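# Fold and contact review
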Amino acid sequence: MIFKQVLTIAGSDSGGGAGIQADIKTFQERRTFGMSVITAITAQNTLGVKAVHKIPIDIICKQCTAIAEDFQVSAVKTGMLADAEIIREVARNIRLYDFPNLVIDPVMIAKGGTALLENEAIRVLKEELLPLGTIITPNIPEAEEILGEKITTKAEIEQAAKKICDLGIKAVVIKGGHSEMSEAADFYYDGKTTKWLTSERFDTLHTHGTGCTFSACIAAELAKGNSLLNSVIVAKEFITSAIKYPLGIGHGHGPTNHFAYRMEEGK
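Named according to an unreviewed UniProt entry, the chain is Hydroxymethylpyrimidine/phosphomethylpyrimidine kinase originating from Listeria welshimeri serovar 6b. Looking at the Sequence similarities (unreviewed entry) heading of the UniProt record, one finds this comment for the chain: "Belongs to the ThiD family."

Time to look at the overall build of the chain. Across its full length, the chain carries 9 helices and 9 strands. For the chain, whose C-alpha radius of gyration is 17 Å, the value lies close to the compact-globule estimate of 18 Å for 267 residues. Along the three orthogonal principal directions, the C-alpha set of the chain runs to about 45 × 40 × 35 Å. Among the 267 residues that make up the chain, the fraction classed as buried is 54%. Summing over all exposed atoms, the chain offers an accessible surface of approximately 11,700 Å²; the carbon and sulfur share of this is 51%. With 28 positive and 32 negative side-chain charges, the chain shows a spacing of 3 Å between the two charge centroids.

Viewed as axis vectors pointing N to C, helix α2 (residues 57-68) and helix α3 (residues 84-97) meet at an angle of 20 degrees, and their least axial separation amounts to 10 Å. If you check the angle between α2 and α3, you find them roughly parallel. In the crossing of α2 with α3, the sense of the turn from one axis to the other is right-handed. Of α3, the residues touching α2 (which contributes Ile57, Ile60, Cys61, Cys64, Thr65 and Ala68) are Glu85, Ile86, Glu89, Val90, Arg92, Asn93 and Tyr97. Its residues assigned to classes, the contact of α2 with α3 shows 8 nonpolar, 2 polar and 3 charged.

With that settled, the discussion passes to the nonpolar core. With 46 residues, the main nonpolar core has Leu7, Leu129, Ile136, Ile164, Val172 and Ile174 as its most contacted residues. When residues of this core are assigned to their parent elements, the largest contribution, 6 residues, is made by α3. The residues contacting Val172, other than those within four sequence positions of it, are Ile135, Ile136, Pro138, Ala161, Ile164, Cys165, Phe187, Tyr188 and Tyr189. Core analysis: the next-biggest nonpolar cluster, separate from the first, contains 26 residues, Val173, Tyr188, Ala223 and Ile243 among them.

The next thing to look at is helix α1 (residues 19-29). Buried within α1 we find Gly19, Ile20, Ala22, Asp23, Thr26, Phe27 and Glu29. Where the residues of α1 are buried, they touch β1 (5-13), β2 (33-45), β4 (73-78), α7 (210-223), α8 (228-244) and α9 (260-265). Of the residues flanking the end of α1, it is Arg31, one or two places downstream, whose phi is positive at about 60 degrees.

This structure, assessed with the given rule, holds 12 salt bridges. Between Lys77 and Asp23 there is a salt bridge, and its shortest N-O distance comes to 3.1 Å. You can see Lys77 sitting in strand β4 and its partner Asp23 sitting in helix α1, a full 54 residues away along the chain. Both residues of the pair, Lys77 and Asp23, belong to the buried class. Measuring nitrogen to oxygen at the nearest pair gives 2.8 Å for the salt bridge that ties Arg92 to Glu89. Note that Arg92 and Glu89 are positioned in helix α3 at a spacing of 3 residues, about one turn of the helix.

So, about the sheet that holds strand β5 (residues 102-104). The 9 strands are arranged β3-β2-β1-β4-β5-β6-β7-β8-β9 in an open sheet whose pairing can be described as mixed. In the strand order of this sheet, the two ends are held by β3 (48-54) and β9 (194-199), each with one partner. Pairing analysis gives 3 bridges linking strand β7 (residues 171-174) to strand β8 (residues 184-189), with the strands arranged antiparallel. Bridged to Ile174 within β8 is Phe187. Where α2 meets the sheet, its contacts fall on β1, β2 and β4, and the angle it forms with β2 comes to roughly 155 degrees.

Rules and cut-offs
- Along each chain, residues carry numbers from 1 onward, in the same order as the chain's sequence is written.
- Reporting of local features is limited, given that this is a predicted model, to residues whose pLDDT is at least 70; pairs of side-chain atoms are given and counted only at 80 or more, and all residues count toward the totals for whole chains, interfaces and linings.
- Computation of side-chain values covers all heavy atoms of the structure but excludes hydrogens and water.
- UniProt positions are given in the numbering used here, feature names are shortened, and annotations may be inferred rather than shown by experiment.
- For the purposes of this entry, the term helix denotes a DSSP run of H or I that reaches at least four residues, the term strand denotes a run of E that reaches at least two, and both are numbered from the N terminus.
- Note on method: radius of gyration uses C-alpha positions; expected globular size equals 2.2 Å times residues raised to 0.38.
- Exposed residues in this analysis have more than 50% of their type's maximum accessible area, buried residues have under 20%, and partly exposed residues fall in between, with area computed by a 1.4 Å probe over protein chains only.
- We get accessible surface area from the Shrake-Rupley algorithm with a probe of 1.4 Å; when it comes to residues, only the shown protein chains can shield them.
- Lys and Arg are tallied as positive, Asp and Glu as negative. Neither His nor the chain termini are counted.
- For charged residues, the charge sits on one atom: NZ in Lys, CZ in Arg, CG in Asp, CD in Glu.
- Only the stretch in contact is used when fitting a helix axis, every axis being a line fitted to C-alpha atoms; angles between N-to-C directions are given from 0 to 180 degrees.
- Orientation labels follow simple angle bins: below 35 degrees gives roughly parallel, above 145 gives roughly antiparallel, 65 to 115 gives roughly perpendicular, and whatever is left gives oblique.
- A clockwise turn of the near helix away from the far one marks a right-handed crossing, whereas an anticlockwise turn of less than a right angle marks a left-handed crossing.
- Residues count as neighbours in contact if any of their non-hydrogen atoms are within 4.5 Å of one another.
- Each residue gets one of three labels, nonpolar for Ala, Val, Leu, Ile, Met, Phe, Trp, Tyr, Cys and Pro, charged for Asp, Glu, Lys and Arg, and polar for the others, Gly among them.
- Here, nonpolar core means buried Ala, Val, Leu, Ile, Met, Phe, Trp, Tyr and Cys residues that are tied together by side-chain atoms lying within 4.5 Å of each other.
- Each reported salt bridge corresponds to a side-chain nitrogen of Lys or Arg within 4 Å of a carboxyl oxygen of Asp or Glu.
- Any two strands between which DSSP finds at least two bridges are classified as paired.

In structure tokens, the structure reads:
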């Protein structure tokens, strides 16, 4: 059996709960082989981000080349890209090597509130990366940054998803974790299909890396040939289990439980 190979292009989280580390754990849990292009190294833990070191552009380029010349990439997800120059280089390599099934997690703000994507990079993300994407997975604050408008109601979430799709990407799922709805409700839109995905909302601080994990799961499912909507549905189930059964690690926003879905479903 040849396992599908999935690439994450993102930052490293020294605390292991988000970023490259969360992505690789998720790829493994979904029975795919994970690879990485590291764009930044962060010094962080469950209490917050202490420092960020951007990887030089030529090293990012060489990582992409090394992956492309030896592996068959079936899907890619992007996470923390840090600045406009890095976004341009990542977009250039995605075009150059024709990497398929691009899942964009527009990482902008860490769980503790630290800005991870510089403001001037948002325009470049919209103009150069989004048109290459299969799906983008913003939370509500990230969707607000992309569109430059406030989003509060369900109707505004639906309209925002359509506006983001109009920027050139095939589909969007706006995550509702930051909303005031009683359930954890995410909205999916692909130009034709609209769907609200709901689950129980859990009162917990252990949600570090939820966005990374959710988008990584979508990428893994797309790599295995799942449809876009079904990939999002599996990812919703996966992250719900990961939040429902916390590990209790750290003294702040603890990591999610990446093996909970396998345990809960007997997979």
